[in-house]
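# Structure assessment
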Amino acid sequence: MPSPTFLNLPAEKRDRIVELAIEEFSERPYAQASLSRIVARAGIAKGSIYQYFADKLDLYRWLVLEEVGRRKQAFMAPELAMHADLRAQLRAACLAGLRFALGHPRLARLAAHALEPCAEPGLRDLHAEMRALGLRGVEALLRRAQAAGQVREDLAPGPAAAVLAAAISVGMMDALLARLGVDMIALLADTTLAARLAPDEVEALVDSVLDVLWRGLAPPTEAGG
């Protein structure tokens, strides 16, 4: 976590360091990212960065969990606040999440790098923490919907949250990539690729995924059967 010294820096200097760090970690996997490049471009002594953060992992963890999370929440909150119904909330969250990723490619790359499989214990812990945060948020959403009678009373919120979180994050992104015919690296490297899909096509994609979640895979029953 950032030290008081970092938080008390002039806003312009602090923001420049943050943006340079985001650029460094978004352009390179964690192992290849360099604090030396960050401080050199920021025009500060390398020792200064250790007055701000304990080490590279401390800076990276803060960027992923706090800075990216704060920006994404600020982007998505107005959309989510407009809906009380679970299905409408899920739809708004998926659309806003895709728009955030496509509109903020550096932040999306940073988050994607943090979720890549890694043997380093610190990064594995970060990955687990990111997943746990996401699961807690989805489970809380399901419990509220359950209390409001919007989902089955006998639904087990924990397992349901795990399935739902995977579907609206990895599953939704995989559906988008398949529709565009590219992989994540290509998409985040060239945001013009997203322009291949019109807004109504993105909405239709989200609706098709959510329809599977909401109605399941079983065929419709015949009337009167």
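Only a predicted model underlies this, so the values are computations on that prediction, with no experimental measurement involved.

A few words now on the overall build of the protein. Per the secondary structure count, the protein includes 11 helices and zero strands. Traced from its N-terminal end to its C-terminal end, the protein shows the element sequence α-α-α-α-α-α-α-α-α-α-α. Across its three principal axes, the protein shows a C-alpha extent of roughly 75 × 40 × 35 Å. Here the protein, with 225 residues, has 38% of them falling under the buried criterion. Within the protein, counting contacts between residues at least 6 apart in sequence, those at least 24 apart form 63% of the total. Charge-centre separation for the protein: the mean point of 26 positive side chains lies 4 Å from the mean point of 28 negative side chains.

A few words on the packing of helix H6 (residues 86–103) against helix H8 (residues 121–147). Where H6 meets H8, the axes come as close as 10 Å, and the angle between the chain directions of the two elements is 155°. On the basis of the axis angle, H6 is roughly antiparallel to H8. Listed contacts from H8 to Leu86, Gln89 and Leu90 of H6 are Leu141, Leu142 and Ala145. Looking at the contact of H6 with H8 residue by residue, the class counts come to five nonpolar, one polar and no charged.

Where two aromatic rings form a pair, the distance of their centres and the angle of their planes describe that pair. Going through the model one piece at a time under the given rule, you end up with eight aromatic pairs. Geometrically, the ring pair formed by Phe6 and Tyr52 is tilted, given 5.6 Å between the ring centres and 55° between the ring planes. Residue Phe6 is found in helix H1 (residues 4–7), and its partner Tyr52 is found in helix H4 (residues 46–52); the two are separated by 46 residues along the sequence. Neither Phe6 nor Tyr52 differs from the other in exposure class; each is buried. Ring plane angle 10° and centroid distance 6.2 Å describe the contact between Phe25 and Tyr30, whose orientation is recorded as stacked. Among the aromatic residues, those joined into a cluster by ring pairs are Phe6, Tyr52, Phe53 and Trp62. Taking NZ or CZ as reference, Lys56 lies 4.3 Å from the ring centre of Tyr30, over its face.

Below, the discussion takes up helix H3 (residues 35–42). For H3, the set of buried residues is Leu35, Ile38, Val39 and Ala42. Projection of H3 onto a plane perpendicular to its axis shows the buried side chains occupying an angular sector of 90°, all on one side. Turning to H3, the residues buried within the fold contact helix H2 (11–27), H4 and helix H5 (56–81). Where H3 starts, the residue carrying a side-chain oxygen 3.1 Å from the main-chain nitrogen of Ser36 turns out to be Ser34. The first or second residue beyond H3 is Gly43, which carries a positive phi of 75°.

Before going further, it helps to spend a moment on the environment of Glu23. For Glu23, the location among the structural elements is in helix H2. With 84 residues separating them along the chain, Glu23 and Leu107 place their C-alpha atoms 8.5 Å apart. Discounting residues that sit within four places of it in the chain, Glu23 has contacts with Arg41 and Arg106.

When you line up the elements, Glu66 lands in helix H5. Each C-alpha atom, one on Glu66 and one on Met1, is 9.0 Å from the other, the two residues being 65 residues apart in sequence.

To continue, consider the pattern of salt bridges. Applying the stated criterion across every chain, the model contains 18 salt bridges. When the shortest N-O distance is used, the salt bridge between Glu23 and Arg41 registers 3.0 Å. Here Arg41 lies in helix H3 and Glu23 lies in helix H2, a separation of 18 residues in the sequence. With a relative accessible area of 42%, Arg41 lands in the partly exposed category. Arg152 is paired through a salt bridge with Asp154; the nearest N and O atoms lie 2.8 Å apart. Of the two residues examined, Arg152 and Asp154, each falls in the exposed class. Where salt bridges share partners, they join Glu19, Glu23, Arg41, Glu67, Arg70, Arg71 and Arg106 into one cluster.

A separate point is the packing of helix H9 (residues 157–180) against helix H11 (residues 199–215). Running from N to C, H9 and H11 point in directions that differ by 140°, and their axes come no closer than 10 Å. Comparing their axes, H11 and H9 come out oblique. The handedness of the crossing between H9 and H11 comes out as right-handed. In contact with Leu164, Ala167, Ile168, Met172, Ala175, Leu176 and Arg179 of H9, H11 contributes Glu201, Leu205, Val206, Val209, Leu210 and Leu213. Here the residues of the contact of H9 with H11 are counted per class, giving 11 nonpolar, no polar and two charged.

What counts as what
Residues numbered from 1 in each chain as written. Predicted model: local features only at pLDDT ≥ 70, side-chain atom pairs only at ≥ 80, totals over all residues. Heavy atoms only, no water. Helix = DSSP H or I, 4+ residues; strand = E, 2+ residues; numbered from the N terminus. Buried < 20%, exposed > 50% of the residue type's maximum accessible area, 1.4 Å probe, protein only. Contact = heavy atoms within 4.5 Å. Lys, Arg positive; Asp, Glu negative; His and termini not counted. Charge placed at Lys NZ, Arg CZ, Asp CG, Glu CD. Axes fitted to C-alpha atoms, helices over the stretch in contact; angles between N-to-C directions. Parallel < 35°, antiparallel > 145°, perpendicular 65-115°, else oblique. Nonpolar A, V, L, I, M, F, W, Y, C, P; charged D, E, K, R; others polar. Phe/Tyr/Trp six-rings, centres within 6.5 Å; stacked < 30°, edge-to-face > 60°. Lys NZ or Arg CZ within 6 Å of the ring centre and 35° of its normal. Arc of directions from axis to C-beta. Polar contact = N/O pair within 3.5 Å; in protein donor to acceptor, adjacent residues only side chain to side chain. Salt bridge = Lys/Arg side-chain N within 4 Å of Asp/Glu carboxyl O. Left-handed = near helix turned anticlockwise from the far one by under 90°.

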